[in-house]
Amino acid sequence: MLRRPAAPPPRRPAPPRRDAEATKAAILRAARHLLARHAHADITLEAVADRAGVSAPLILKYFGNKDALFARVMSFESNADALLDAPLEDLGRHMVRHLLEGQTQRGADPILRIVFAPLQGEQGDILRANFRTQVSERLAERLTGPDAGLRAELAVGTLLGLGVMYGIARGTHLRATTIDDIVDRYAPTVQTQLTP
(Lines give C-alpha, C1' and ligand atoms only; values in the text may rest on other atoms or scores of the structure.)
Protein backbone atom coordinates (compact mmCIF):
# COMPACT_ATOMS: atom_id res chain seq x y z
CA MET A 1 0.00 0.00 0.00
CA LEU A 2 1.41 3.31 -1.06
CA ARG A 3 1.28 6.12 1.37
CA ARG A 4 0.24 9.45 0.17
CA PRO A 5 2.54 12.23 1.21
CA ALA A 6 1.13 14.29 4.02
CA ALA A 7 -0.49 17.50 2.98
CA PRO A 8 1.55 20.54 3.86
CA PRO A 9 0.25 22.43 6.88
CA PRO A 10 -2.16 25.20 6.02
CA ARG A 11 -0.49 28.53 5.46
CA ARG A 12 -1.03 31.13 8.06
CA PRO A 13 -2.37 34.32 6.63
CA ALA A 14 0.24 37.04 6.61
CA PRO A 15 -0.31 39.61 9.31
CA PRO A 16 -1.71 42.85 7.97
CA ARG A 17 1.00 45.23 6.83
CA ARG A 18 1.57 48.17 9.08
CA ASP A 19 1.20 51.60 7.51
CA ALA A 20 4.59 53.08 8.39
CA GLU A 21 3.50 56.72 8.15
CA ALA A 22 0.39 56.14 10.27
CA THR A 23 2.48 54.25 12.81
CA LYS A 24 5.07 57.04 12.99
CA ALA A 25 2.28 59.58 13.44
CA ALA A 26 0.78 57.49 16.27
CA ILE A 27 4.18 57.27 17.97
CA LEU A 28 4.70 61.04 17.70
CA ARG A 29 1.18 61.70 19.07
CA ALA A 30 1.85 59.38 21.99
CA ALA A 31 5.21 61.02 22.74
CA ARG A 32 3.65 64.52 22.54
CA HIS A 33 0.87 63.43 24.88
CA LEU A 34 3.35 62.10 27.43
CA LEU A 35 5.67 65.10 27.10
CA ALA A 36 2.74 67.37 27.90
CA ARG A 37 2.20 65.52 31.18
CA HIS A 38 5.60 64.25 32.33
CA ALA A 39 9.19 65.38 32.44
CA HIS A 40 11.24 64.13 29.50
CA ALA A 41 13.56 62.17 31.79
CA ASP A 42 10.60 60.26 33.24
CA ILE A 43 9.22 59.08 29.89
CA THR A 44 10.32 55.64 28.74
CA LEU A 45 10.15 54.21 25.25
CA GLU A 46 7.94 51.50 26.71
CA ALA A 47 5.44 54.13 27.88
CA VAL A 48 5.40 55.73 24.43
CA ALA A 49 5.04 52.31 22.79
CA ASP A 50 2.19 51.33 25.10
CA ARG A 51 0.30 54.56 24.41
CA ALA A 52 0.89 54.23 20.64
CA GLY A 53 -0.06 50.54 20.55
CA VAL A 54 3.31 49.43 19.17
CA SER A 55 6.47 47.80 20.47
CA ALA A 56 9.47 49.71 21.78
CA PRO A 57 11.75 48.08 19.16
CA LEU A 58 9.48 49.48 16.44
CA ILE A 59 10.05 52.98 17.84
CA LEU A 60 13.78 52.36 17.63
CA LYS A 61 13.38 51.14 14.04
CA TYR A 62 11.55 54.31 12.99
CA PHE A 63 13.32 56.93 15.10
CA GLY A 64 16.66 55.44 16.16
CA ASN A 65 16.56 56.30 19.85
CA LYS A 66 14.65 58.26 22.48
CA ASP A 67 16.59 61.46 21.85
CA ALA A 68 15.86 61.38 18.11
CA LEU A 69 12.16 60.73 18.80
CA PHE A 70 11.91 63.63 21.21
CA ALA A 71 13.87 65.92 18.90
CA ARG A 72 11.00 65.41 16.44
CA VAL A 73 8.41 65.92 19.18
CA MET A 74 10.05 69.16 20.26
CA SER A 75 10.04 70.53 16.73
CA PHE A 76 7.11 72.67 15.60
CA GLU A 77 8.23 72.87 11.98
CA SER A 78 5.66 70.61 10.32
CA ASN A 79 2.93 71.92 12.65
CA ALA A 80 3.81 75.49 11.71
CA ASP A 81 3.68 74.58 8.01
CA ALA A 82 0.03 73.57 8.38
CA LEU A 83 -0.87 76.28 10.92
CA LEU A 84 0.42 79.11 8.74
CA ASP A 85 -0.76 77.72 5.40
CA ALA A 86 -3.23 80.43 4.35
CA PRO A 87 -3.12 83.87 2.75
CA LEU A 88 -2.42 86.60 5.29
CA GLU A 89 -5.88 88.16 4.95
CA ASP A 90 -7.52 84.86 6.00
CA LEU A 91 -4.80 83.56 8.31
CA GLY A 92 -6.63 84.29 11.59
CA ARG A 93 -9.61 82.16 10.53
CA HIS A 94 -7.33 79.42 9.29
CA MET A 95 -5.24 79.33 12.47
CA VAL A 96 -8.29 79.16 14.76
CA ARG A 97 -9.95 76.45 12.67
CA HIS A 98 -6.72 74.45 12.37
CA LEU A 99 -6.17 74.54 16.14
CA LEU A 100 -9.74 73.43 16.95
CA GLU A 101 -9.89 70.76 14.27
CA GLY A 102 -6.53 69.46 15.42
CA GLN A 103 -7.94 68.91 18.89
CA THR A 104 -11.31 67.51 17.83
CA GLN A 105 -10.47 65.52 14.69
CA ARG A 106 -6.79 64.63 14.95
CA GLY A 107 -6.47 64.47 18.73
CA ALA A 108 -3.47 66.78 18.64
CA ASP A 109 -3.03 70.48 19.04
CA PRO A 110 -0.40 71.90 16.68
CA ILE A 111 1.24 74.22 19.24
CA LEU A 112 -0.21 73.65 22.71
CA ARG A 113 2.71 71.55 23.97
CA ILE A 114 4.67 74.77 24.46
CA VAL A 115 2.51 75.37 27.54
CA PHE A 116 4.25 72.44 29.24
CA ALA A 117 7.82 73.58 28.51
CA PRO A 118 8.45 74.61 32.15
CA LEU A 119 8.13 70.94 33.15
CA GLN A 120 10.90 69.88 30.82
CA GLY A 121 14.15 71.36 32.20
CA GLU A 122 16.80 71.46 29.47
CA GLN A 123 14.34 70.03 26.94
CA GLY A 124 12.00 72.90 27.82
CA ASP A 125 14.68 75.33 26.65
CA ILE A 126 14.84 73.47 23.34
CA LEU A 127 11.05 73.48 23.09
CA ARG A 128 10.91 77.26 23.71
CA ALA A 129 13.69 78.00 21.22
CA ASN A 130 12.01 75.86 18.56
CA PHE A 131 8.67 77.51 19.23
CA ARG A 132 10.11 81.00 18.88
CA THR A 133 11.96 80.31 15.64
CA GLN A 134 9.53 77.89 14.00
CA VAL A 135 6.22 79.54 14.96
CA SER A 136 6.43 83.12 16.28
CA GLU A 137 9.37 84.38 14.24
CA ARG A 138 8.16 82.60 11.11
CA LEU A 139 4.77 84.28 11.49
CA ALA A 140 6.44 87.65 12.09
CA GLU A 141 8.31 87.30 8.79
CA ARG A 142 4.97 87.20 6.99
CA LEU A 143 3.60 90.35 8.61
CA THR A 144 3.98 93.85 7.25
CA GLY A 145 3.95 97.11 9.12
CA PRO A 146 5.32 98.11 12.52
CA ASP A 147 5.94 95.78 15.45
CA ALA A 148 5.65 92.58 13.39
CA GLY A 149 7.40 90.50 16.08
CA LEU A 150 5.16 91.80 18.86
CA ARG A 151 2.01 91.33 16.77
CA ALA A 152 3.03 87.78 15.86
CA GLU A 153 3.56 86.90 19.52
CA LEU A 154 0.24 88.48 20.48
CA ALA A 155 -1.57 86.53 17.74
CA VAL A 156 0.06 83.26 18.80
CA GLY A 157 -0.62 84.03 22.48
CA THR A 158 -4.27 84.65 21.69
CA LEU A 159 -4.40 81.35 19.84
CA LEU A 160 -2.72 79.53 22.74
CA GLY A 161 -5.33 80.95 25.13
CA LEU A 162 -8.06 79.39 23.02
CA GLY A 163 -6.15 76.11 22.89
CA VAL A 164 -5.78 76.02 26.68
CA MET A 165 -9.43 76.84 27.30
CA TYR A 166 -10.66 74.36 24.71
CA GLY A 167 -8.19 71.50 25.17
CA ILE A 168 -6.96 71.66 28.76
CA ALA A 169 -9.60 73.50 30.77
CA ARG A 170 -12.26 71.97 28.49
CA GLY A 171 -14.60 74.93 28.86
CA THR A 172 -18.10 73.49 28.75
CA HIS A 173 -19.68 76.40 26.87
CA LEU A 174 -16.79 76.56 24.44
CA ARG A 175 -16.88 72.82 23.74
CA ALA A 176 -20.66 72.92 23.29
CA THR A 177 -20.26 75.53 20.54
CA THR A 178 -19.65 74.57 16.91
CA ILE A 179 -16.21 75.13 15.47
CA ASP A 180 -17.72 77.41 12.81
CA ASP A 181 -19.24 79.64 15.50
CA ILE A 182 -16.00 79.77 17.48
CA VAL A 183 -14.06 80.64 14.32
CA ASP A 184 -16.54 83.42 13.50
CA ARG A 185 -16.24 84.88 17.00
CA TYR A 186 -12.53 84.35 17.74
CA ALA A 187 -10.72 84.67 14.41
CA PRO A 188 -11.20 88.47 14.18
CA THR A 189 -9.30 88.82 17.47
CA VAL A 190 -6.35 86.90 16.05
CA GLN A 191 -6.60 88.64 12.67
CA THR A 192 -6.41 92.09 14.32
CA GLN A 193 -2.78 91.37 15.15
CA LEU A 194 -1.99 89.99 11.71
CA THR A 195 -3.47 92.78 9.61
CA PRO A 196 -4.11 95.79 11.89
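What counts, and at which threshold
- Every chain is numbered independently, its residues counted from 1 as its sequence is written.
- Only residues with pLDDT of 70 or above have their local features reported here, since the model is predicted, and side-chain atom pairs are shown and tallied only from 80 upward, although totals for entire chains, interfaces and linings are computed over all residues.
- Hydrogens and water molecules were not included; the side-chain quantities draw on all heavy atoms of the structure.
- Helix and strand definitions follow DSSP, with helices as H or I runs of at least four residues and strands as E runs of at least two, each counted in order from the N terminus.
- Buried residues are those whose accessible area, probed at 1.4 Å on protein chains only, stays under 20% of the maximum for their type, while exposed residues exceed 50% and partly exposed ones sit between those limits.
- Note on areas: these come from Shrake-Rupley sampling with a 1.4 Å probe, and a residue is covered only by the protein chains present in the view.
- Among buried residues, the Ala, Val, Leu, Ile, Met, Phe, Trp, Tyr and Cys ones that are joined through side-chain atoms within 4.5 Å form a nonpolar core.
- Stacked, tilted and edge-to-face are the three classes applied to pairs of Phe, Tyr and Trp rings, where Trp contributes its six-membered ring and a pair requires centres within 6.5 Å; stacked means planes under 30 degrees apart, edge-to-face means over 60, and tilted covers the rest.
- Throughout this description, the term charge over a ring refers to an Arg CZ or Lys NZ atom that lies within 6 Å of the ring centre and within 35 degrees of the ring normal.
- Starting at the helix axis, one direction is taken to each C-beta atom, and the arc is that of these directions.
- The convention used is that axes are lines fitted to C-alpha atoms, helices contributing only their stretch in contact, and that angles between N-to-C directions extend from 0 to 180 degrees.
- These descriptions rest on fixed angle ranges, namely under 35 degrees for roughly parallel, over 145 for roughly antiparallel, 65 to 115 for roughly perpendicular, and the rest for oblique.
- Contact definition: two residues touch when any of their heavy atoms are within 4.5 Å.
- Here the term charged refers only to Asp, Glu, Lys and Arg, the term nonpolar to Ala, Val, Leu, Ile, Met, Phe, Trp, Tyr, Cys and Pro, and the term polar to all other amino acids, Gly among them.
- What makes a salt bridge here is a side-chain nitrogen of Lys or Arg within 4 Å of a carboxyl oxygen of Asp or Glu, nothing more.
- Predictor confidence is given residue by residue as pLDDT, running from a minimum of 0 to a maximum of 100.

## A word on the overall build of the protein chain
Here comes step 1: Along the backbone of the protein chain there are ten helices and zero strands.
Here comes step 2: Going from N to C terminus, the protein chain has its helices and strands arranged as α-α-α-α-α-α-α-α-α-α.
Here comes step 3: Burial status across the protein chain gives 42% buried among its 196 residues.
Here comes step 4: About 11500 Å² of surface is accessible on the protein chain, with carbon and sulfur atoms providing 53% of the total.

## Considerations on the nonpolar core
Here comes step 1: By size, the foremost hydrophobic cluster in this structure holds 56 residues, and its most contacted members are Val 48, Leu 69, Ile 111 and Leu 139.
Here comes step 2: Top contributing element to this core by residue count: helix H8 (residues 148–168), with eight residues.

## Considerations on the packing of aromatic side chains
Here comes step 1: Across all of its chains, the model carries one aromatic pair by this definition.
Here comes step 2: Each ring, one from Phe 76 and one from Phe 131, has its centre 5.1 Å from the other, and the planes form 80°; the classification is edge-to-face. Here Phe 131 lies in helix H7 (residues 122–142) and Phe 76 lies in the loop between helix H4 (66–73) and helix H5 (77–83), a separation of 55 residues in the sequence.
Here comes step 3: One cation-aromatic arrangement involves Arg 175 over Tyr 166; the distance from NZ or CZ to the ring centre is 4.5 Å.

## Description of helix H3 (residues 56–63)
Since the α-helix packs 3.6 residues into each turn, any two residues three or four apart lie on the same face.
Here comes step 1: Regarding H3, the residues found buried are Ala 56, Leu 58, Ile 59, Tyr 62 and Phe 63. What you see down the axis of H3 is that its buried residues fit within an arc of 155°, all on one side. Away from its buried face by more than 90 degrees, H3 exposes Pro 57 and Lys 61.
Here comes step 2: Immediately downstream of H3, the backbone of Gly 64 shows phi near 95°, a positive value.

## Let's talk about the packing of helix H2 (residues 45–52) against H3
Here comes step 1: At a minimum axis distance of 8 Å, the contact between H2 and H3 shows a crossing angle of 100°. In terms of their interaxial angle, H2 and H3 are classed as roughly perpendicular. Contacts between H2 and H3 involve Leu 45, Glu 46, Val 48 and Ala 49 from the first element and Ala 56, Ile 59 and Leu 60 from the second.
Here comes step 2: Taken together, the residues of the contact of H2 with H3 break down into six nonpolar, no polar and one charged.

## Here we look at the pattern of salt bridges
Here comes step 1: Tallied over the full model, the rule gives seven salt bridges.
Here comes step 2: When the shortest N-O distance is used, the salt bridge between Asp 81 and Arg 138 registers 2.7 Å. Here Asp 81, found in helix H5, pairs with Arg 138, found in helix H7; they are 57 residues apart in sequence, far enough to count as distant.
Here comes step 3: Where Asp 184 meets Arg 93, a salt bridge forms, and the shortest distance between an N and an O atom there is 3.0 Å. Here Asp 184, found in helix H10 (residues 179–194), pairs with Arg 93, found in helix H6 (residues 91–105); they are 91 residues apart in sequence, far enough to count as distant.
Here comes step 4: Here the salt bridges share partners, and the residues they tie into one network are Arg 97, Glu 101 and Asp 180.

## Re unusual backbone geometry
Glycine aside, residues mostly have negative phi, and peptide bonds are mostly found in the trans state.
Here comes step 1: The phi angle at Asp 147 is positive, at roughly 55°, despite the residue not being glycine.
Here comes step 2: Here Asp 147 shows up in the loop between H7 and H8.

## A look at the side chain of Ser 75
Here comes step 1: Along the chain, Ser 75 falls in the loop between H4 and H5.
Here comes step 2: The residues contacting Ser 75, other than those within four sequence positions of it, are Arg 113, Asn 130 and Gln 134.

## Some thoughts on the packing of helix H1 (residues 20–35) against H4
Here comes step 1: Packing of H1 against H4 brings their axes to within 10 Å, and their N-to-C directions diverge by 80°. By the angle between their directions, the pair H1 and H4 is classed as roughly perpendicular. Facing H1, whose interface residues are Ile 27, Leu 28, Ala 31, Arg 32 and Leu 35, H4 presents Leu 69, Phe 70, Arg 72 and Val 73.
Here comes step 2: Its residues assigned to classes, the contact of H1 with H4 comprises seven nonpolar, no polar and two charged.

## So, the confidence of the model for the protein chain
Here comes step 1: Taken residue by residue, the protein chain gives an average pLDDT of 87. The fraction at 70 or more is 89%.
Here comes step 2: Ranking the elements of the protein chain by mean pLDDT puts H1 last with 86 and H10 first with 97.

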